[in-house]
Each structure stands twice: as C-alpha cells, then as structure tokens.
Amino acid sequence: MSDQTFCAQYESAIHSSDFGVFYAYILERALGSVPQSGSGLDVACGPAILLSEFARRRPDMAFTGVDLSHAMLEQARRNVEKQGLANVRLLYGNMSDLPEILGDETFDWVTCTFGLHYSRDADQALAVLDGVARVLKPGACFFLADLTRFKREVTRQWFANKYDRGVGEEFFREILDSYLASFSLEEFMDLLQRSRLSGGTVEWSCLLPVLVVAHNLHPGRRTRERIDLTWLQRLKHGLLRSVLRLSAVRSGF
Ligand SMILES: C[S@@+](CC[C@H](N)C(=O)[O-])C[C@H]1O[C@@H](n2cnc3c(N)ncnc32)[C@H](O)[C@@H]1O
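Per chain, the residues get numbers from 1 upward, laid out in the order the sequence is written. Local features are withheld for residues below a pLDDT of 70 in this predicted model, meaning they are given only at 70 or higher, and side-chain atom pairs are given and counted only at 80 or more; totals for whole chains, interfaces and linings count all residues. Side-chain measures here rest on the full set of heavy atoms in the structure, leaving out hydrogens and waters.

S.K.: Explain the environment of Asp108 here, please?
M.R.: Tracing the sequence through the fold places Asp108 in strand 4 (residues 107–113). Summary of the burial criterion: residues with accessible area below 20% of their type's maximum are buried, those above 50% are exposed, and those between are partly exposed, where the area comes from a 1.4 Å probe applied to protein chains only. Judged by its relative accessible area of 22%, Asp108 is partly exposed. As a C-alpha pair, Asp108 and Pro138 span 30 residues in sequence and 8.5 Å in three-dimensional space. If we ignore the near neighbours within four places in the chain, the residues touching Asp108 are Pro35, Ser37, Gly38, Ser39, Leu136, Lys137, Ala140 and Cys141. Here a polar contact is recorded for every N or O atom pair within 3.5 Å, except that within protein the pair must consist of a potential hydrogen donor and a potential acceptor, and residues adjacent in sequence are included only if both atoms are side-chain atoms. There is a polar contact of 2.7 Å between the side chain of Asp108 and the backbone nitrogen of Ser39. Under the DSSP-based scheme used, a helix requires at least four consecutive residues in state H or I and a strand at least two consecutive residues in state E, with every element numbered from the N terminus. Two residues qualify as a contact provided that any one of their heavy atoms is within 4.5 Å of a heavy atom in the partner residue.

S.K.: Would you explain the pattern of salt bridges in this entry?
M.R.: Here a salt bridge means any side-chain nitrogen of Lys or Arg lying within 4 Å of a carboxyl oxygen belonging to Asp or Glu. With the rule as written, the count across this model stands at 11 salt bridges. Residue Glu28 pairs with Arg241 through a salt bridge whose shortest N-O separation is 2.8 Å. Here Arg241 lies in helix 10 (residues 231–247) and Glu28 lies in helix 2 (residues 19–31), a separation of 213 residues in the sequence. We note a salt bridge from Arg149 to Glu187, for which the minimum N-O separation is 2.9 Å. Taken together, the residues span a long stretch of sequence, with Arg149 in the loop between strand 5 (136–147) and helix 7 (153–163) and Glu187 in helix 9 (residues 185–194) at a distance of 38 residues. Residue classification places Arg149 among the partly exposed positions, given a relative accessible area of 31%.

S.K.: Please explain empty space enclosed by the protein as it appears in this structure.
M.R.: To find the voids left in a structure, one rolls a probe of water-molecule size over its atoms. Buried and open spaces are told apart on a 1 Å grid over the protein atoms alone, a cavity being a set of points where a 1.4 Å probe fits but cannot get out and a pocket being an open set with protein on both sides within 12 Å along at least five of seven lines. Residues with an atom within 4 Å of a point are the lining residues. Grid points are joined across faces, edges and corners, and a volume is the space filled by probe spheres set on the points. Taken as a whole, this structure holds 1 cavity of 30 Å³ or more when the rule is applied. In this structure, the largest cavity occupies an estimated 40 Å³ of space. Lining the largest cavity, in full, are Leu116, Leu144, Asp146, Leu147, Phe183, Phe188 and Leu211. Take the lining of the largest cavity: its biggest share by element is 3 residues, from strand 5. Throughout this entry, Asp, Glu, Lys and Arg are counted as charged residues, while Ala, Val, Leu, Ile, Met, Phe, Trp, Tyr, Cys and Pro are counted as nonpolar. The remaining residues, Gly among them, count as polar. Across the lining of the largest cavity, the residue classes tally to 6 nonpolar, no polar and 1 charged.

S.K.: Would you mind going over the side chain of Gln9 with me for this structure?
M.R.: Looking at where Gln9 falls in the secondary structure, it is placed in helix 1 (residues 4–16). With residues near it in sequence (within four places) discarded, Gln9 still touches Val167, Gly168, Glu169, Glu170 and Phe171.

S.K.: How should the site of the ligand be read in this particular structure?
M.R.: Neighbouring the ligand are 18 residues, the closest being Tyr10, Tyr23, Ala44, Asp67 and Thr113. With respect to the ligand, the backbone of Met95 contributes an N or O atom lying 2.9 Å from a nitrogen atom. Residue Thr113 places a side-chain N or O atom 2.6 Å away from an oxygen atom belonging to the ligand. More than half of a molecule's atoms within 2 Å of the grid points is what it takes for that molecule to sit in a cavity or pocket. Put simply, the ligand lies in the largest pocket. Of the residues belonging to the shell around the ligand, the class tally is 11 nonpolar, 6 polar and 1 charged. Each residue is tested against the molecule or strand, and it is near if at least one of its non-hydrogen atoms lies within 4 Å.

Now the structure itself:
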C-alpha cells in the first residue's frame, strides 16, 4: 500500500512527467461529465489532486473522497486545506465496502481513477463496481480511468523504464506492479457487463496504458474546462486528445 515516499513521488509524477499529460486529459474528460449540482464521490482518491480540482470548479457540490491509505489521506487533507476547499470530506475505507460506508443512492456522480486495478482479483473489482452502482442515484454518471495491461512483458518493461523510472524507485516499482495487476480492455468490459452497472450507455477510449470509461454520460453535458499545463505538455495533451477522440466508442450496455 502507498507510503509517504510513493505518495510524494506520485504527486511529482503528476506535475512533471508525461504521466501528467495523461492526468490532464483525464481531468478534462472527468470534468466533461461532472453535474452542475448535487454530490460527488471519488473512489480511491489518493492525494486528492483530481478531487480538489473537481471541488474547486464546482463549489456548490459536496464531494467525498475514500481511500485505504493513511499516508495518502494525510496528503489529501494537506492539498484540500491548501486550497481552502470547504466542500470536501475525506474518509478512510475500503473501495469494496462503499454502500456500507456511504449508503445506497447517495451520489449524483462517482469517479475512480487509477484505483480499480488495486483490487485483489476480478471478484473484488466486481464488488467495487457493484458498490458503485448501489451508491449512485439512478441514471447518474460513473467515470473511470485506469491502466490497462500490456500484452507483452517486453513492452511493459520498456514503457516503465522510458516513462516512469525517472520519477523515483518507489513509483517505478509500484507502477510496474500496477501495469501487471491492471485489467485488459476485454476483461474490464466483461466486469462492467457482469456488474450492477450494466444497462445505460458506455463511452470508452483506450490508448495503452490508459483506459477511460464514462458510464451514463449525458450527451448534453460536455463542457471544456481550462487545464493549466506547460506549452510542451499542452502540445502532447492536444495530440493525446485527438488520438483518444478518434478511438472513442459509445454503445448501449
Ligand atoms: C495510484 S493512486 C490513485 C489516486 C487518485 N485516484 C488519482 O487518480 O490520483 C491509487 C490509490 O488507490 C488507493 N487504494 C488501493 N486499494 C484501495 C482499496 N481497497 N480501497 C480504497 N483505496 C484503495 C491507494 O491507497 C492509492 O491512494
């Protein structure tokens, strides 16, 4: 589980490495699905970097973050306090116990980014998705982004050495394990189909090693929000957005 060192390296990866470009794309896509009012839940919120962005841009909404790492929640509290956000509560808990922690039909919007792959196995991941379906209000949107598994071991090693090693040893080791623990696109779609989330619409796009899925995304809700990036990150971000838009698939579920 995430300790202080990994937590610090994870934050620096978001702000400085190419991982940050993916992160910015995910923030933009998630914001494209956030309702104007109501309540939002961020599952496995980590240091609450995304959660703080959601809360800052939707001050009228109430947000909850759940995580199973005290180190991450401490960092999350610091980030939330630093931005003076009054509409965020942070809870310690296991993502497979969401209805028990939060009650049924409580949220207008649920997100889970780079967390589901921490599930012990497919059964626990299914329990998480079923829990998400229970805490969501009927027809509300679920937004997920996560890593997807590389088909070949040599690609996994090459990608991690090229893009992740420079961030730090803890981050490098953790993300190498995460690439291995992550689901393939097919496995994830099968999980979604078997879960209580099945039904409604799903829009997904995948560019190794990242999968982005919006379930019950209301077409009229697409908004474009400004994301602060360096010019080089903006260039890469624009490219990434075009590639992922071209590969986006929307279907009934
Ligand atoms: C890679 S971080 C992602 C954090 C955040 N969602 C983001 O996108 O920046 C993964 C997070 O999942 C949390 N996590 C792992 N297993 C969990 C579980 N069973 N229940 C809740 N949180 C969990 C870890 O503590 C860590 O904070």
